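Listed below, chain by chain, are the residues.
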Amino acid sequence: MDKMKQMEDEEIVQLYFDRDARAISATSDKYGSYCTTVAMNILGNYEDVEECVNEAYLKTWNSIPPHRPKMLSAFLGKIVRNLSFNRRKYNIADKRGGSELTDVLSELGDCVSGNDCAEKDYEYKELVSAINDFLKELSENKRNIFVCRYYYTDKISDIAERFNMKESTISMMLGKLRTKLRNYLTRRGFGL
């Protein structure tokens, strides 16, 4: 099992291509806690998290091949994140659950509207592209903090600890970044 922990992503992906069941355990050993953290930040319920992470391994098994991800962590993160958001929608529909996601969505609510136009595919892709362009303009540190909060839905306290900063500093920085994003999107023609 120790050998599995030391496997490089390319070796793990090759196990998937070889249809070797060890790919799942190698993925779990290397990225299990990462996937669990992503799901927990969205769901806040260990049973749902466990289901989503296990489902992510199955989806990964069914996706590789034909896909050959360049970054296995990002590939897994996207799968876990999407499954977790879908589970969260289901939970909300059943009046269950609660997590950091509510706060994150509330914080970004002023930057991105939820009107019908934003939900159209083309406009959505344009919005994603604009946000990516905005992120490219940020320093690496600010970009990482923004992504931790608004992509991975990390708690402010966890971000502060990870970046060795005060929570108040992180909160203030995120507030300024949201204002910059709102202004940036407005200049790019997105109605908010």
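Source: prediction; values computed, not measured.

A. Structural view of the packing of aromatic side chains. Per the counting criterion, the structure on display carries seven aromatic pairs. Aromatic side chains tyrosine 31 and tyrosine 34 sit 6.3 Å apart centroid to centroid with 65° between the ring planes, which places their arrangement in the edge-to-face category. Taken together, the residues tyrosine 31 and tyrosine 34, both in helix 3 (residues 22–43) and three residues apart, mark about one turn of the helix. The class for tyrosine 31 is buried, based on a relative accessible area of 10%. Of the aromatic side chains, those joined through ring pairs into one cluster are Tyr31, Tyr34, Tyr151 and Tyr152. Lying over the aromatic face of phenylalanine 17, arginine 68 brings its terminal NZ or CZ to 3.9 Å of the ring centre. Against the face of tyrosine 151 rests arginine 81, its NZ or CZ located 3.8 Å from the ring centre.

B. Region of the structure containing helix 2 (residues 9–17). All buried positions along helix 2 are accounted for by Asp9, Ile12, Val13, Leu15 and Tyr16. Looking straight down helix 2, one finds that the buried residues subtend no more than 150° of arc, so they occupy a single side. Positive phi appears at arginine 19, one or two residues downstream of helix 2, with a value of about 60°.

C. Highlighting the pattern of salt bridges. The final tally for this structure, using the stated rule, is six salt bridges. In this structure, the salt-bridge partner of aspartate 9 is lysine 30, at a minimum N-O distance of 3.0 Å. With aspartate 9 in helix 2 and lysine 30 in helix 3, the pair connects residues that are 21 residues apart, well separated along the chain. On the accessibility criterion, lysine 30 (29% relative accessible area) is partly exposed. For arginine 188, the salt bridge identified is with aspartate 133, shortest N-O distance 3.2 Å. Pair noted here: arginine 188 is in the segment after helix 11 (167–187) and aspartate 133 is in helix 8 (residues 121–137), with a separation of 55 residues, a long-range link. Through salt bridges with shared partners, a single network forms among Asp48, Glu51 and Arg87.

Reading the values: rules and limits
Residues numbered from 1 in each chain as written. Predicted model: local features only at pLDDT ≥ 70, side-chain atom pairs only at ≥ 80, totals over all residues. Heavy atoms only, no water. Phe/Tyr/Trp six-rings, centres within 6.5 Å; stacked < 30°, edge-to-face > 60°. Helix = DSSP H or I, 4+ residues; strand = E, 2+ residues; numbered from the N terminus. Buried < 20%, exposed > 50% of the residue type's maximum accessible area, 1.4 Å probe, protein only. Lys NZ or Arg CZ within 6 Å of the ring centre and 35° of its normal. Arc of directions from axis to C-beta. Salt bridge = Lys/Arg side-chain N within 4 Å of Asp/Glu carboxyl O.

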